[in-house]
Amino acid sequence: MRRYILQRLWQGVILLALVTTIVFFLGRLTGNPVDLMLPEDATEEDRTALIETLGLDAPMYKQFGIFVVNVLQGDLGVSHRYRRPVVEIFFSRLPNTLKIVPAAMILAMIMAIPLGIVSAVRRGSMIDRVSGTIAVLGIATPNFWLGILLIYVFSVQLGWLPSARMGTPLHYVLPTITLGTFLVAGFMRLIRSSMLDILDSEFVKLARIKGLSETTVVWKHCLRNALIPVLTLWGVFMGGLVTGAIVTETVFAWPGIGRLTFEAVIFRDYPLLQAVIIMDAVLILLINLMVDILYAYIDPRIRLAE
Amino acid sequence: MLRNLPWLSVGIIAAMLFMAIFAPLISPHSPIDQSLPEKLIPPVWEEGGTAKYILGTDIFGRDVLSRLFYGARVSMIVTALALLVGGGVGLAIGIVSGYVGGRLDSLLMRIVDAALAFPTILFALLLAVTMGQGLQTIVIAISLLLWARFARVVRGEVLAVKGRDFVALARVHGCSPVRIMATHILPNVLNTFMVLLTLHVGVVIVAEASLSFLGAGVPPPTPSWGLMVAEGRGKISSAWWLSLIPGIAITLVVLAFNLFGDWLRDRLDPKLRQL
Amino acid sequence: MKHRGLLTGLLISFVLVTFTWTPLIAAEQKGTLVIALDTLGGQNLDPILETRASHAHFQAPVFDSLVGFDFEKGGIGPGVAERWELAKDGLSWTFYLRKGQRWHNGDPLTAHDVKFSLERTMSKESVASRSAALRRNVKSIEVIDDLTVRVNTKGVQVHFPASMSRAVFQEGQMMPKKYIEKVGVAEFRRKPIGSGPWKIVKSVPGDRVEYEAVDYPHWRGTPKFKRMTILLVPEESTRVAMVRTGEAAIASISPESLKEVKSAKLKVVSVPSTMQAVYYFWGTYRDDQKNNPIADKRVREALSLAIDRKQIIDHVMNGEARWPMPFATFGYSVDMDTKKWRKWSRKALRYDPARAKELLTEAGYPNGFDLKFANTALPGTPYMVQIGLAVADFWSKIGVKVKYKHYEWGAFRALRRGQEKLRGGASMYRTAGRPVAVARYMSGFHSKSLSHLFGNTKGDKNICPALCKEFNSLHKLVVAEQDDATRTKNTNRMIKLVADSWVAVPILEGMGYWAVNPKKVGAFKPIPGRHEFGDVFERMPLPGQMAWK
């Protein structure tokens, strides 16, 4: 087990290095942030002065060298735009995203579990089709549009909920729905196919022969086992959501890291962009690793096979 | 088999393909010519509508119906190309990774893990600002989104097929790995691949819409359903037809492809756990 | 002592009024004014750390500027300094500060603060966009007495005071010398204080800035609201939703949302003359563009005549835009014959497709030609894209085959440097509303400027044909001329030179657009030419105090 973890960590580090290098050079190919910071009547001298102030005058390889040295010491630089250490900015916004992602995942599970079970148990029937349709509705509607529609209906027209930003628990409702419905289909499909597998298995047949009611069989015995593979999906979705809820954060003015990343790209804020991507990658690798370990623990078949 | 075909889904898909292929023939107007004085005309059944523009006009006076048809074409082209590139790469990597196994497999799957959870929208954005907005950019960007999913699922299938007798037989006969992968493994994962393709059409269409929202999608004035929804999103109460009509189109088509894909999966191999 | 009773009475009333005046003001202030914006820039509260105009939203409430606004016409007016004089030899400006100003911590604002602030803005650490320009223009700063400060300039700088106003830039913002020297820069950035009508309460990066009104009278206007919050809400439809529900009183919008806002019974405040949408022709002076149709002035004029500006104003901008004046000039611009130029633009910028086709034929292109066109939009003015699309469409209608390419703003700015990709083609552009047009002309047309639309003499690229040389010499005349009449004459000549060249052509004069919930704030007037409300917040009445029309 320990070897496995170390191996994963090592691979993670290599990947990180690769990703960072790519982002470093890719970002700089897209233009100079200075051009976005200067006013219209700037002269060439103004431009040169600002480049110097921001430290962008060194040749590329030198900048990269400085960057690598700094990273190894834990210093990821200062944002051109915010003039604050990027690490500080990242961690001040991360909690906001972290507040909404679990809520969305839980909502998605609450919706996906009944849909998945019902469609597995009644496979091939009309109910199966209908459940499938409901689940897919979540991914069939572009995220931003759903959010804007929800705001229009529930906030502007009905006045039940606030339209945007963080604040009271009520503020969480619409963003959570927007983010969560996206995940329902994925969860539901997995639960359904897991359930199908298990419903056919020996121990379920045994439980039925023993005379246990269908409800008990399904909900008590099958569901628990069906949920195990869903864990891997948790890892994938979690990582993806934390780093990629750009659209939802934009629509709901939610000050998380998705929006931060978007601005870093648009404004060519290299230090921030690099830092965000590195942090994102670290987060994702950690989440995946934890999920894999958890999975191995819970599913004895895998643990023993390793 | 024909009896159980999900007719509604197939019908919707066929309708979209028809619109896309025959757009130039069936569009009453040009999708990009502007007519500013005729802007924001509502659909024909609303007050103020006219038969000249059945589904109304947008802020430039462009015919929504024609843009819907041409938009189907753009969405279809983007989807086909993205699936070809992303799906193809994913298929290849999945087969190689699954069959060869060992360290290569481990490495590839780590990369897949990272790619799967990575904010691909971010990469799409970066690409858009580096390469400029355009068809190539969006195809590459969305392919990046797809390949990892395909690779992972295909690999899973390959692991199952790998252990079968006829593969061992081929190995004993001295067939080269490449030959085995091409002639024995590939045909047996094609079912999975097809299901994946249909299930991911929706992903591509919706991804394109999100990218248009962020300003990194198909550049104007070319119509695409995603761009139309993005452009009309600020006018929900004053000009609802601008985003609602393409929005419903997207939802219907994605639903149709997904239901068809689900049906396909059930027919071909219901135990496809990984989907 | 005949009037002892009267004197005592007066004294008592004076004391009473003084002591109750302040609490009276404080008692009248109530409520929170909430504003939703699309950007807060880097949300830096230290004036030397912000670069572009976004500061004017959230820094302006806290910091006063040395020179202020003319609230009626737009352009500059008294600020921290109530008046200023140019020395006889033209080499220095003396600023006379108004009395009784103080910092939020009670310290008095003096000439020492002015000197300190300007030097800080000019320092190397400052990323304020014109700090380099200030270093170029300012030789030294002297404190004459507590309320008088003299700025010695390098050469004659006729328009120096304008650059100290937020009507032009942010570099005139005043910072507290004693406070910063006492607590240090880091602490100042954490807990900034200024001399403006609002104090900073809290700033949450990426989310909002909270303010509290000062409870004493302020020369800019004493705030009627007790508190103010500026929110960052990137998505426009969400901003509109927030104004509709009342979660925000005011939100910045674009012409796209105008219909939606009006149909929701909200008010629209359009700030006139905040920007001008223009298009440029790049590299027309180059030898390698000799055979390009756009190198011919007649072709360029034809392209302008092909555009129906009225339609664009009515339909793309929903009527909320105006007929433009010549490039980078507005109703409040100084040193120009406004009346004459308004007449000129009515005629010269008219819609005349027949004449356009005539000119094209004359120039040898009766069947049109291919034209590269780059469309882009700055963050904050997304409707530039729509305007560009409309312009391209008008050009296609007279037979020009437009090769349209859409660029994201950052990518476009990068292109502008070397200009290889832009050469021989046209692109959208815009210019912000400023009272002094000279600087903008400089950056567009001077041979040493970043855009160098007439010629290029940077480094060893010496391509400066006749037009370019003429501009350079005119510019020199205008910048240093102390006599108003002569300067005005030469400025008009400079404008004419550019207008007749048809290289930078105005399309329309745009406005800054805001959606307002009349139940949350009373009627107020914006400052013409200033999109941002940073200097207007204190003048906004409570709902009900001033009725909306």
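Thresholds applied
- Residues numbered from 1 in each chain as written.
- Chains lettered and ligands numbered in written order.
- Predicted model: local features only at pLDDT ≥ 70, side-chain atom pairs only at ≥ 80, totals over all residues.
- Heavy atoms only, no water.
- Helix = DSSP H or I, 4+ residues; strand = E, 2+ residues; numbered from the N terminus.
- Buried < 20%, exposed > 50% of the residue type's maximum accessible area, 1.4 Å probe, protein only.
- Areas by Shrake-Rupley, 256 points an atom, 1.4 Å probe, with all protein chains shown as cover.
- Lys, Arg positive; Asp, Glu negative; His and termini not counted.
- Charge placed at Lys NZ, Arg CZ, Asp CG, Glu CD.
- Contact = heavy atoms within 4.5 Å.
- Phe/Tyr/Trp six-rings, centres within 6.5 Å; stacked < 30°, edge-to-face > 60°.
- Lys NZ or Arg CZ within 6 Å of the ring centre and 35° of its normal.
- Pairing = 2+ DSSP bridges.
- Axes fitted to C-alpha atoms, helices over the stretch in contact; angles between N-to-C directions.
- Polar contact = N/O pair within 3.5 Å; in protein donor to acceptor, adjacent residues only side chain to side chain.
- Expected span 1.5 Å × (residues − 1).
- Salt bridge = Lys/Arg side-chain N within 4 Å of Asp/Glu carboxyl O.
- Disulfide = S-S within 2.5 Å.
- Buried area = accessible area lost by both parts, 1.4 Å probe.
- Nonpolar A, V, L, I, M, F, W, Y, C, P; charged D, E, K, R; others polar.
- pLDDT = per-residue confidence, 0-100.
- Parallel < 35°, antiparallel > 145°, perpendicular 65-115°, else oblique.

Draft legend 1. View of the overall build of chain A. In terms of helices and strands, chain A carries 15 helices and zero strands. The principal-axis extent of the C-alpha atoms belonging to chain A is close to 85 × 60 × 30 Å. Put simply, chain A has 306 residues, and 58% of those count as buried. Roughly 13,000 Å² of accessible area belongs to chain A as shown, and the carbon and sulfur atoms make up 69% of that amount. One finds the centroid of the 26 positive side-chain charges in chain A at a distance of 14 Å from the centroid of its 22 negative side-chain charges.

Draft legend 2. The overall build of chain B, seen in detail. Regarding its fold elements, chain B presents nine helices and zero strands. Going from the N terminus to the C terminus, chain B shows its helices and strands as α-α-α-α-α-α-α-α-α. With respect to the principal axes defined by its C-alpha atoms, chain B has extents near 75 × 50 × 30 Å. For chain B, buried positions account for 58% of its 275 residues. Taking the intrachain contacts of chain B between residues at least 6 apart in sequence as the baseline, contacts between residues at least 24 apart amount to 71%.

Draft legend 3. Just the packing of aromatic side chains, in detail. All names here are of chain C. Counted under the stated rule, the structure contains 43 aromatic pairs over all chains. Arranged with centres 5.6 Å apart and planes meeting at 75 degrees, the rings of Trp341 and Trp344 form a pair that is edge-to-face. Residue Trp341 and its partner Trp344 are located together in helix H12 (residues 338–348), separated by three residues, close to a single helical turn. Taken together, Tyr280, Trp282, Phe327, Tyr407, Trp409, Phe412, Tyr429, Tyr441, Phe445, Phe454 and Phe471 form an aromatic cluster joined through their ring pairs. Its guanidinium or amino end placed over the ring of Tyr96, Arg83 lies 3.9 Å from that ring's centre, counting from NZ or CZ.

Draft legend 4. Molecular detail of the environment of C:Thr381. Residue and element names in this part refer to chain C. With respect to the secondary-structure elements, Thr381 resides in the loop between strand E13 (370–375) and helix H14 (383–397). What makes Thr381 buried here is its relative accessible area of 5%. It is 20 Å that separates the C-alpha atoms of Thr381 and Val243, two residues lying 138 residues apart in sequence.

Draft legend 5. The sheet that holds strand E5 (residues 92–97) of chain C, seen in detail. Residues and elements named next belong to chain C. Here four strands make up an open sheet; going across it, the order is E4-E5-E7-E6 and the pairing antiparallel. Both outer strands of the open sheet, strand E4 (81–86) and strand E6 (138–145), are each paired with one neighbouring strand and no more. Within this sheet the neighbouring strands show an average axis-to-axis angle of 20 degrees, counted without direction. Summarising the sheet, E4 and E5 pair through five bridges and their orientation is antiparallel.

Draft legend 6. Examining the environment of C:Thr94 more closely. All names here are of chain C. Mapped onto the secondary structure, Thr94 falls in strand E5. Classification of Thr94 as buried rests on a relative accessible area of 6%. Considered as a pair, Thr94 and Arg83 are 11 residues apart in the sequence and their alpha carbons are 8.6 Å apart. Leaving out residues up to four positions away in the same chain, Thr94 has contacts with Arg83, Trp84, Glu85, Thr148, Val149 and Arg150. Engagement of the side chain of Thr94 in a polar contact is seen with the side chain of Arg150, the distance being 3.3 Å.

Draft legend 7. Summary view of helix H18 (residues 484–501) of chain C. All names here are of chain C. Under the 1.5 Å per step criterion, the end-to-end length of H18 is 26 Å for 18 residues, consistent within 8% with the ideal 26 Å. Taken together, the buried residues of H18 touch helix H10 (297–305), H12, helix H16 (438–445) and helix H17 (466–480). Positioned one or two residues after H18, Trp502 has a phi angle of 55 degrees, which is positive.

Draft legend 8. Quick look at the pattern of salt bridges. One pass over the structure, following the stated rule, counts 44 salt bridges over all chains. Note that A:Arg268 and C:Glu408 form a salt bridge whose closest N and O atoms lie 2.9 Å from each other. You can see A:Arg268 sitting in the loop between helix H13 (257–266) and helix H14 (270–298) and its partner C:Glu408 sitting in the loop between strand E14 (401–406) and helix H15 (409–418), one on each of two chains. Classification of C:Glu408 by relative accessible area gives buried; the value is 13%. A salt bridge links B:Lys235 to C:Glu256, with the shortest nitrogen-to-oxygen separation between them at 3.6 Å. Here B:Lys235 is found in the loop between helix H8 (225–232) and helix H9 (241–268), whereas its partner C:Glu256 is found in the loop between strand E11 (250–253) and helix H9 (258–263) on a different chain. A residue is classified by how much of its surface remains accessible, and B:Lys235, at 3% relative accessible area, is buried. On the basis of relative accessibility, which here comes to 22%, the residue C:Glu256 falls in the partly exposed class. One salt-bridge network, held together by shared partners, links C:Asp64, C:Arg166, C:Arg220, C:Asp535 and C:Glu538.

Draft legend 9. The arrangement of the state of the cysteines in detail. All names here are of chain C. Within the structure shown, the criterion is met by one disulfide over all chains. Sulfur-sulfur distance for the disulfide between Cys464 and Cys468 comes to 1.9 Å. The sign of the S-S torsion, about -90 degrees, decides the handedness of the disulfide formed by Cys464 and Cys468: left-handed. The exposure classification of Cys464 matches that of Cys468, with both residues buried.

Draft legend 10. Structural detail: the pairing of strand E16 (residues 504–516) of chain C. All names here are of chain C. With respect to burial, E16 is a largely interior element, 13 of its 13 residues being buried. Where E11 lies against E16, four bridges are found, and the strand directions are antiparallel. The partner of Ile250 across the bridge, within E16, is Val516. When strand E12 (residues 267–281) meets E16, the two strands line up antiparallel, connected through 11 bridges. Its bridge partner being in E16, Tyr279 is matched across the sheet by Val505.

Draft legend 11. The arrangement of the interface of chain B and chain A in detail. Contact with chain B, which involves 48 residues of that partner, is made by 54 residues of chain A. Interface of chain B and chain A: buried area, both sides summed, is about 4,500 Å²; carbon and sulfur atoms make up 72% of it. If you look at where chain B meets chain A, you find two residue pairs in polar contact (both at pLDDT 80 or more). If you list the elements that add at least two residues to the side of chain B that touches chain A, you get helix H3 (102–117), helix H4 (120–131), helix H7 (177–214), H8 and H9 of chain B. Here the side of chain B that touches chain A gets 13 residues from one element, more than from any other, and that element is H9(B). Of the residues belonging to the side of chain B that touches chain A, the class tally is 29 nonpolar, 10 polar and nine charged.

Draft legend 12. Highlighting the confidence of the model for chain B. All names here are of chain B. Per-residue pLDDT for chain B has a mean of 86; in total, 95% of the residues score no lower than 70. Here H4 stands out as the least confident element of chain B, with mean pLDDT 77; helix H2 (residues 64–100) is the most confident, with 92. Across the interface, the model reports ipTM at 0.85; the global pTM reads 0.87.

Draft legend 13. Local environment of H17(C). Residues and elements named next belong to chain C. Here H17 spans 22 Å end to end across 15 residues, near enough to the 21 Å set by a 1.5 Å rise per residue. Within H17, the full set of buried residues consists of Cys468, Phe471, Asn472, Leu474, His475 and Val478. Where the residues of H17 are buried, they touch H16 and H18.

Draft legend 14. Spotlight on the packing of H2(B) against H8(B). Residue and element names in this part refer to chain B. Contact geometry of H2 with H8 gives a least axis separation of 8 Å together with a crossing angle of 130 degrees. On the basis of their axis angle, the class for H2 and H8 is oblique. Only Trp225, Met228 and Glu231 of H8 make contact with H2, whose side of the interface consists of Val64, Arg67, Leu68, Gly71, Ala72 and Ser75. Of the residues belonging to the contact of H2 with H8, the class tally is five nonpolar, two polar and two charged.

Draft legend 15. Fine view of the interface of chain A and chain C. Across the contact, 44 residues belong to chain A and 51 residues belong to chain C. Contact between chain A and chain C buries roughly 4,100 Å² in total, counting both sides, with carbon and sulfur atoms accounting for 54%. The tally of links between chain A and chain C comes to two salt bridges. Across the pair A:Arg165 and C:Asp207 runs a salt bridge whose closest N-O atoms are separated by 3.1 Å. Those elements giving two or more residues to the side of chain A that touches chain C turn out to be helix H2 (33–37), helix H3 (44–54), helix H7 (143–157), helix H12 (246–251) and H13 of chain A.

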